[in-house]
Amino acid sequence: MSRIFYALALIWALTGAAVAQDFSALARALPEQSRIVDEGNTGVRLDLGLSQGVPYRVFTLRDPYRIVLDFQEVDWSGLNREAFLRTSRISSIQYGAYVPGWSRLVLELGAPLAVETVDLRVDETTGAAHLSLHLKGTDFDSFAASAGAPRQPGWDLPEPAVIPALPQRDGTRALRVMLDPGHGGIDPGAEVADTNEKTLMLTFSRELREALLRTGGFEVVMTRVDDQFVSLERRIALAHRAGADVFISLHADSLSEGLAHGAVVYTLSEEASDIASRKLAERHDRSDLIAGVDLSGSDDQVADVLLDLARQETKPRSTALAQSLVDGMAQQGGPMNRRPLRSASFSVLKAADIPSVLVELGFLSSPRDLKNISDPGWRASMAHGLVLGLENWRQDDLVKRSLVGQ
Ligand SMILES: [Zn+2]
């Protein structure tokens with residue numbers, strides 16, 4: 001980040017004095033030249049047209065993940081929010097006057113993104129300026145390490161206030177959902193013909209994120225936003241660090257044993273509810289061994305006792321969540337497995353204090369399920385079912401928790 005700030009200091013030196021002395025020289029945002037677009041795997045690109053160059057700075061904030069741009073000073077009134085924001089990788093944008101003389105643009109992120117490049121060019125003839133900001137997917141650690149408002153001489157701004165989570169219709173805060181697209185990187189998960197589980201689940205997770213964000217009642221974080229290997233332990237750690245309220249791991253495995261077709265929602269259990277569930281759990285944990293991460297024995301005994309206590313509180317909430325998701329998907333027509341609620345010892349569900357479930361959307365080993373999961377229309381209805389399930393669970397959980405005084 002520091003290189004960027006040197007660049008900013010330079011911009012300040014070039015334009016700051018003139019702007020500071022002349023308030024009529026306020027820059028206007030130019031809507032035709034302003035857009036935030038998805039660049040696929042390469043990231044997100046923000047273009048902002050300005051009627052003139054102004055000093056600016058960019059930095060990141062966490063909890064929730066945000067990219068903040070401060071300007072001196074921009075009139076945003078020409079911008080149309082819908083036309084400006086054209087990617088779902090940014091959950092929402094806010095812009096406006098921040099404190100007198102300063103304007104702020106805040107991008108709320110569904111997952112950590114890092115500033116790759118930022119550049120403001122001023123056209124020598126017209127004086128108009130163009131800001132290009134390129135954001136690239138990153139992991140939580142790198143994001144957290146560079147997050148925070150910089151202290152810079154000449155930027156006499158108050159500490160940036162944390163923007164509170166958007167209040168909901170019922171006055172409660174948004175539920176923060178950690179979506180965990182199964183597998184990734186060297187671990188493809190189930191593979192059938194020309195497709196595989198890791199790719200399908202990343203696609204579905206993005207669609208589900210979009211459906212959740214559209215309701216306005218959820219914040220969404222993801223354990224991975226691209227084809228990257230993430231260890232099971234790390235997926236849980238990411239959920240904790242993001243302050244997730246629920247954790248949903250998304251899968252579509254392949255199983256030859258038993259009647260493996262239709263959606264199933266799993267909760268954690270030491271004893272798998274059947275042999276097929278046990279084999280599935282073993283197979284998932286094996287992927288971590290492939291990548292050199294061994295979860296077994298990672299807790300010491302004292303920690304185990306404490307974690308077990310926390311799990312006892314979380315367990316009924318996880319079970320209720322699983323049931324609610326099953327109901328939501330069933331309402332959409334499924335198809336559901338004949339026993340849609342099961343338990344197994346999936347390591348990825350071992351967060352002691354976050355209700356966690358693993359959804360097998362279907363099984364790629366079943367031709368019918370494969371056809372469904374490859375169909376965007378079917379996926380949309382299942383995403384809708386999961387949204388319904390989450391909404392219902394959230395209501396019930398609030399009531400139950402208020403009854404036990406938590
Ligand atoms: Zn899987």
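Residues numbered from 1 in each chain as written. Predicted model: local features only at pLDDT ≥ 70, side-chain atom pairs only at ≥ 80, totals over all residues. Heavy atoms only, no water.

Caption draft 1: Molecular detail of the overall build of the chain. Looking only at helices and strands, one finds nine helices and 17 strands in the chain. Among the 406 residues that make up the chain, the fraction classed as buried is 51%. Here the analysis covers contacts within the chain between residues at least 6 apart in sequence; of these, 76% occur between residues at least 24 apart. Of the roughly 18,400 Å² of accessible surface on the chain, a fraction of 54% belongs to carbon and sulfur atoms. (Helix = DSSP H or I, 4+ residues; strand = E, 2+ residues; numbered from the N terminus. Buried < 20%, exposed > 50% of the residue type's maximum accessible area, 1.4 Å probe, protein only. Contact = heavy atoms within 4.5 Å. Areas by Shrake-Rupley, 256 points an atom, 1.4 Å probe, with all protein chains shown as cover.)

Caption draft 2: Representation of the sheet that holds strand β16 (residues 336-344) in the model. Overall, mixed pairing links the six strands, which are arranged β13-β10-β14-β17-β15-β16 in an open sheet. If you trace the sheet from one side to the other, it starts and ends with β13 (218-222) and β16, each paired once. The sheet shows a mean angle of 25 degrees between the axes of neighbouring strands, direction not considered. Of the pairings in the sheet, the one linking strand β15 (residues 263-268) to β16 comprises five bridges and is parallel in character. Bridged to T267 within β16 is S343. Sheet strands touched by helix α4 (residues 197-215): β10 (175-181), β13 and β14 (246-251). Its angle to β13, the strand with the most contacts, is close to 160 degrees. Contacting β10 and β14, helix α5 (residues 232-241) crosses the sheet at an angle of about 165 degrees to β10. (Pairing = 2+ DSSP bridges. Axes fitted to C-alpha atoms, helices over the stretch in contact; angles between N-to-C directions.)

Caption draft 3: Representation of the coordination of the zinc ion in the model. Every protein donor of the zinc ion is listed here as H183 (NE2), E197 (OE), H251 (ND1), D253 (OD), D253 (OD) and H284 (NE2), and their distances to the metal cover 2.1 to 2.7 Å. What the six donor atoms of the zinc ion show is an angle range of 51 to 166 degrees at the metal, which sorts the shape as irregular. As a motif over one chain, the donors of the zinc ion read H-x13-E-x53-H-x1-D-x30-H. Note that D253 is positioned in the loop between β14 and β15 and H284 in helix α6 (residues 275-290), a separation of 31 residues in sequence. The residues D253 and H284 share a single accessibility class, namely buried. (Donors = N, O, S within 2.8 Å, 3.2 Å for Na, K, Ca; no water. Tetrahedral: all angles 85-135°; square planar, octahedral: opposite > 155°, others 65-115°.)

Caption draft 4: Broad picture of empty space enclosed by the protein. This model, assessed by the stated rule, comprises four cavities of 30 Å³ or more. Lining the largest cavity we find 16 residues, and of these T138, D139, T223, R224 and Q228 sit closest to its centre. Tallied by class, residues from the lining of the largest cavity come to eight nonpolar, four polar and four charged. (1 Å grid on protein atoms, 1.4 Å probe; cavity = no way out; pocket = protein on both sides within 12 Å on 5 of 7 lines; lining within 4 Å. Points joined across faces, edges and corners; volume = space filled by probe spheres on them. Nonpolar A, V, L, I, M, F, W, Y, C, P; charged D, E, K, R; others polar.)

Caption draft 5: A look at the pairing of strand β1 (residues 27-38). As paired elements, β1 and strand β5 (residues 74-75) share two bridges and run parallel to each other. Paired with R28 across the strands is D75, a residue of β5. Where β1 meets strand β2 (residues 44-50), six bridges bridge the pair, whose relative direction is antiparallel. By the bridge assignment for β2, R35 is matched with D47.

Caption draft 6: Seen up close, the packing of aromatic side chains. For the coordinates displayed, the defined rule picks out seven aromatic pairs. Ring plane angle 25 degrees and centroid distance 6.2 Å describe the contact between Y56 and F71, whose orientation is recorded as stacked. Of this pair, Y56 sits in strand β3 (residues 56-61) while F71 sits in strand β4 (residues 66-71), and the two are 15 residues apart along the sequence. The exposure class of Y56 is buried, given its relative accessible area of 1%. With relative accessibility at 0%, the residue F71 sits in the buried group. Aromatic side chains Y65 and F140 sit 5.5 Å apart centroid to centroid with 55 degrees between the ring planes, which places their arrangement in the tilted category. (Phe/Tyr/Trp six-rings, centres within 6.5 Å; stacked < 30°, edge-to-face > 60°.)

Caption draft 7: Region of interest: α5. By the burial criterion, the buried members of α5 are L232, R235, I236, L238 and A239. The buried side chains of α5 occupy one side of the element, clustering within an arc of 155 degrees when seen end-on. Just beyond α5, the residue with positive phi is G243, at close to 65 degrees. (Arc of directions from axis to C-beta.)

Caption draft 8: Layout of the nonpolar core. Core analysis: the biggest nonpolar cluster contains 61 residues, and L46, F71 and L107 have the highest contact counts within it. Both domain 1 (2-146) and domain 2 (175-403) contribute no fewer than three residues apiece to this core. For L46, the residues in contact, after removing those within four places along its chain, are R35, I36, L69, F84, L105, L107, L131, S132 and L133. Counting 42 residues, the second largest nonpolar core, distinct from the first, contains L202, V220, L321 and L364. (Core = buried A, V, L, I, M, F, W, Y, C linked by side-chain atoms within 4.5 Å. Domains from an automatic or database assignment.)

Caption draft 9: Region of interest: the environment of L386. Within the secondary structure, L386 sits in helix α9 (residues 376-403). Classification of L386 by relative accessible area gives buried; the value is 1%. Distance from L386 to L212, taken between C-alpha atoms, is 8.9 Å for residues 174 residues apart in sequence. Excluding residues within four positions of it along the chain, L386 makes contact with F204, L208, L250, L325 and M329.

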